[in-house]
Structure formats: structure tokens, C-alpha cells
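Commentary on secondary and tertiary structure
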Amino acid sequence: MRRTRTGARPRNSVARTVAAVSVAALALSGCAGGNEVQTGGEDDRFISGDGSATAFDAGEREPAPEVEGTTFEDESLALSDYEGEILVVNVWASWCGPCRAEQPVLDEVHEEYTGLGVEFLGVNIKDDRTAAEAYTENKGVAYPSLYDQPGEVPQAFRDTVPPRAIPSTLVIDPAGDIAARVIGPTTYGQLTDLLNPVVTEFDLGDPEERPRVAEQEAEEEQEEQDSEESSGTDDGAAEGDSE
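**Here we look at the overall build of the protein**
Of the regular secondary structure elements, the protein holds 6 helices and 11 strands. Each of the 243 residues in the protein was classed as buried or not, and the buried ones make up 43%. Carbon and sulfur atoms make up 46% of the accessible area of the protein, which totals about 12600 Å².

Here is the structure:
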């Protein structure tokens, strides 16, 4: 049985440079709006989905296609390399506004689920390589991405996700079957809700026991604040003693 839901809470010089700038400008005016985006000719139109998610029950999952490619580091990677692990595949581009908006979510979930047998793989499509590499470096993305300028990977998943939908996210279970999909930008609550049942199903750990990045950051911020207040109090006391 399929369960569909929408997330509630918000992986040549001058000519190439001009093309990258044009792509970014067009994307900012269209992709972020959730409608059709045209980044070039008739065959370069993309649609930003509404973030609706579908989870597939174990008996209804289809095998993921055999996909392989090359990362920005020129390393060969295939989906089969992740056999035995849960793999989150995220299709993105540096010119896509919703892709940039969901990046903190992907980073947070990636960090929290590392110890639960979950890996992330980005798929960068229809993008200028220099711009894409700069994006991953500036954002500090910790997981690899395949550079797929022609968009061949989304085509391979066309029976599950529209190839022109960007961003889009797929959850592939350890058996290599498609367990869930998100068409459009995902959210923290939505993505964790899709991952938790798969982690439990394959006995990879207890998702409720995972570290919470937001809570850790809040604790660190509080400790820093307490330290500054304590330091200020000590300084004041020292001044009073000197008088």
C-alpha cells in the first residue's frame, strides 16, 4: 500500500561562465516559485514539485535501476556500492532555489543517521561543473555527488520520479528497492518519517536514540552563553576586590 503525504516542516572560459550566470538567473526567477523552469532549450525545462512524499510498503517496492557515475572527485560510484545500507539519493542543481533551501535539512539528517546504516548520494544535473563544485564546497556538503550534466540518472528513475522534477529525493532500502520518494523539496520531519520505518525494518538501530543536531547545537550555544556570563561575573568580582 502506498502512503502519500506532504511535509509540514520546513544529498571553456567565458562562454561557460556566461551560461552559468544565465542558468542561475533563470532558476532564481522560476524554480524557487515551484513552477516550470527553463534553463536553455526546449529540452531543458524543469518543474519544482510541492514536496509530496510517497512511502512504499515492503511488498510493493520496485528495484532501483542500475545506476553508476563519476563524482566531482573523479571517483566511480554505483548504487550497488551501497548494497546492505539505506541510501538517500537527492537530485539537485546549484541554480535551483528549493535545492539550496533544503540543503540544511539534508546535512542535518545525514549527520544524525550516519550511525544507523544510512548513506547519502547527491546527483547534480544540468549544471555547470565549476558552479556545482563551488556549491558543495561553500555549503560544506559532507557526502558525495555524481556529476550528471545530461540528467541520465533521473531518466533511469523515470517510473518513480518525473525526470524534470528538481529537487527530488529517493530512499533505497538495503535490498536495493525503492522505499520512498519525495517530489520537490523535503523537510526534516518528512525525511526522518520516511527513514525511520526502513531503519527499523532492517534492524539497523533505534532511530529514536540518534543524536539530535538541533539539540546539540542548542546545548553548545547555552554552554557558551553560560561561560560568557560566568566570565563577566568573575571580571566584575575581580574589579570589586581591587577597589
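**Considering the layout of surface pockets**
Of the volumes computed, that of the largest pocket is approximately 230 Å³. Contributing to the lining of the largest pocket are 16 residues, with Ala64, Pro65, Leu79, Ser80 and Gly176 lying nearest its centre. Split by residue class, the lining of the largest pocket holds 10 nonpolar, 2 polar and 4 charged.

**Examining helix 2 (residues 97–113)**
For helix 2, spanning 17 residues, the distance from its first C-alpha to its last is 25 Å, which sits close to the expected 24 Å at 1.5 Å a residue. At Gln103, helix 2 shows its largest kink, close to 35 degrees, and the proline Pro104 lies no more than four residues downstream. Every buried residue of helix 2 is listed here: Gly97, Pro98, Cys99, Glu102, Gln103, Val105, Leu106, Val109, His110, Glu112 and Tyr113.

**Thoughts on helix 5 (residues 188–201)**
Residues separated by three or four positions in an α-helix point in the same direction, a consequence of the helix having 3.6 residues per turn. With 14 residues, helix 5 should cover 20 Å at 1.5 Å per step; its first-to-last C-alpha distance of 20 Å lies within 8% of that length. Of all 14 residues that make up helix 5, 10 are buried, and the element is covered over most of its length. Looking at helix 5, one finds that the buried residues are Tyr188, Gly189, Gln190, Leu191, Thr192, Leu194, Leu195, Asn196, Val198 and Val199. Note on helix 5: the residue one or two positions beyond its end, Asp203, has a positive phi of about 55 degrees.

**Thoughts on the pairing of strand 4 (residues 52–56)**
Within a regular strand, the side chains alternate between the two sheet faces. Counting buried residues in strand 4 gives 5 out of 5 residues, a clear majority hidden from the surface. Side chains Ser52, Thr54 and Phe56 of strand 4 all project onto a buried face; the interleaved residues Ala53 and Ala55 project onto the opposite face, where all are buried too. Where strand 4 meets strand 11 (residues 178–183), 4 bridges bridge the pair, whose relative direction is antiparallel. From the neighbouring strand, Ala55 faces strand 11, where its bridge partner is Ala180.

**Observations regarding the side chain of Arg61**
If you trace the backbone, Arg61 turns up in the loop between strand 4 and strand 5 (68–70). Of note is the side chain of Arg61, whose polar atom sits 2.8 Å from the side chain of Glu201. Contact partners of Arg61, with chain neighbours within four places excluded, come to Phe56, Asp173, Asp177, Ile178, Ala179, Val198, Glu201 and Phe202.

Thresholds, definitions, all that
- Residues numbered from 1 in each chain as written.
- Predicted model: local features only at pLDDT ≥ 70, side-chain atom pairs only at ≥ 80, totals over all residues.
- Heavy atoms only, no water.
- Helix = DSSP H or I, 4+ residues; strand = E, 2+ residues; numbered from the N terminus.
- Buried < 20%, exposed > 50% of the residue type's maximum accessible area, 1.4 Å probe, protein only.
- Areas by Shrake-Rupley, 256 points an atom, 1.4 Å probe, with all protein chains shown as cover.
- 1 Å grid on protein atoms, 1.4 Å probe; cavity = no way out; pocket = protein on both sides within 12 Å on 5 of 7 lines; lining within 4 Å.
- Points joined across faces, edges and corners; volume = space filled by probe spheres on them.
- Nonpolar A, V, L, I, M, F, W, Y, C, P; charged D, E, K, R; others polar.
- Expected span 1.5 Å × (residues − 1).
- Bend = angle between axes of the 7 residues up to and from the residue.
- Pairing = 2+ DSSP bridges.
- Polar contact = N/O pair within 3.5 Å; in protein donor to acceptor, adjacent residues only side chain to side chain.
- Contact = heavy atoms within 4.5 Å.

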